[in-house]
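Observations on the model geometry
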Amino acid sequence: MSGRQKDDEALNASDPSYPKTESNVIGGHKATISNPRTSEEAKAHSRQVLDELHGGGETAHSAPQEKDHGNVKRGLKATISNQSVSDEARERAKERLEKGDY
């Protein structure tokens, strides 16, 4: 994307007719809450909006999910074979694999 296209998108985002998605609104309010320069009043408003929208701003992407055991197993194997990982971490990964703790 060129710089011109980014500038055009930024202008469109501030346009009231630009479509707002729920995830963009939630992201904006989460950013407001975590910004140290934002007033407590603005943070309180954002918390209220998030509570009203989704019980604190949980979306399908941020809600806790079951981990894919295959991915965890592959990650443990990668940890064991990675020479940059400490011996202690590699040993823990090996133990978890042997126990099936993933």
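See the structure shown above.
Everything numeric in this text was worked out from a predicted model, so none of it was measured. Numbering of residues starts from 1 in every chain and runs along the sequence as written. Two thresholds apply to this predicted model, a pLDDT of at least 70 for residue-level local features and 80 or more for giving and counting side-chain atom pairs, whereas whole-chain, interface and lining totals are computed over all residues. For the side-chain quantities, the full set of heavy atoms in the structure was used; hydrogens and water were omitted.

**Thoughts on the side chain of Ser-46**
Keep this limit in mind: The helix and strand labels rest on DSSP assignments: H or I over at least four residues marks a helix, E over at least two residues marks a strand, and numbering proceeds from the N terminus. Exposure is judged per residue with a 1.4 Å probe applied to protein chains only, and the accessible area is read against the type maximum: over 50% gives exposed, under 20% gives buried, and values in between give partly exposed.
Looking at where Ser-46 falls in the secondary structure, it is placed in helix H3 (residues 40-54). The class for Ser-46 is buried, based on a relative accessible area of 2%.

**Concerning helix H5 (residues 87-99)**
Selection rule: In a helix, the anticipated span is given by 1.5 Å times the number of residues less one. Note: the arc covers the axis-to-C-beta directions of the helix. Any two residues whose heavy atoms approach within 4.5 Å at even a single point are treated as in contact.
Its 13 residues give H5 an end-to-end C-alpha distance of 18 Å, which sits within 8% of 18 Å, the value for a rise of 1.5 Å per residue. Within H5, the full set of buried residues consists of Ala-89, Arg-90 and Ala-93. Axial view of H5: buried residues confined to an arc of 100°, hence all on one face. Facing away from the buried side of H5, by more than 90 degrees, are the exposed residues Asp-87, Glu-88, Glu-98 and Lys-99. For H5, the secondary structure elements touched by its buried residues are helix H4 (69-81). Once H5 ends, the next one or two residues include Gly-100, with phi positive near 75°.

**Regarding the pattern of salt bridges**
Keep this limit in mind: Salt bridge, as applied in this entry: a Lys or Arg side-chain nitrogen positioned within 4 Å of an Asp or Glu carboxyl oxygen.
On inspection of all chains with the given rule, the structure shows three salt bridges. Notably, a salt bridge pairs Arg-90 with Asp-87, separated by 3.6 Å at the nearest N-O pair. Highlighted residues: Arg-90 and Asp-87, both in helix H5, separated by three residues, approximately one helical turn.

**Thoughts on the packing of H4 against H5**
Using the following cut-off: Interaxial angle, 0 to 180 degrees, is taken between N-to-C directions of lines fitted to C-alpha atoms, where a helix line uses only the stretch in contact. An angle below 35 degrees is treated as roughly parallel, one above 145 as roughly antiparallel, one from 65 to 115 as roughly perpendicular, and anything else as oblique. Less than a right angle of anticlockwise turn of the near helix away from the far helix marks a crossing as left-handed, whereas a clockwise turn marks it as right-handed. Note that Gly is not counted as nonpolar here; it falls among the polar residues with everything else outside the nonpolar set of Ala, Val, Leu, Ile, Met, Phe, Trp, Tyr, Cys and Pro and the charged set of Asp, Glu, Lys and Arg.
Orientation of H4 relative to H5, taken along the N-to-C sense of each, is 140°, at an axis distance of 8 Å. Accordingly, the angle class assigned to the pair H4 and H5 is oblique. For the crossing formed where H4 meets H5, the hand is left-handed. Residues Val-72, Lys-73, Leu-76, Lys-77, Thr-79 and Ile-80 of H4 form the contact with H5, whose own contacting residues are Ala-89, Arg-90, Ala-93, Lys-94, Arg-96 and Leu-97. For the contact of H4 with H5, a count of residues per class yields six nonpolar, one polar and five charged.

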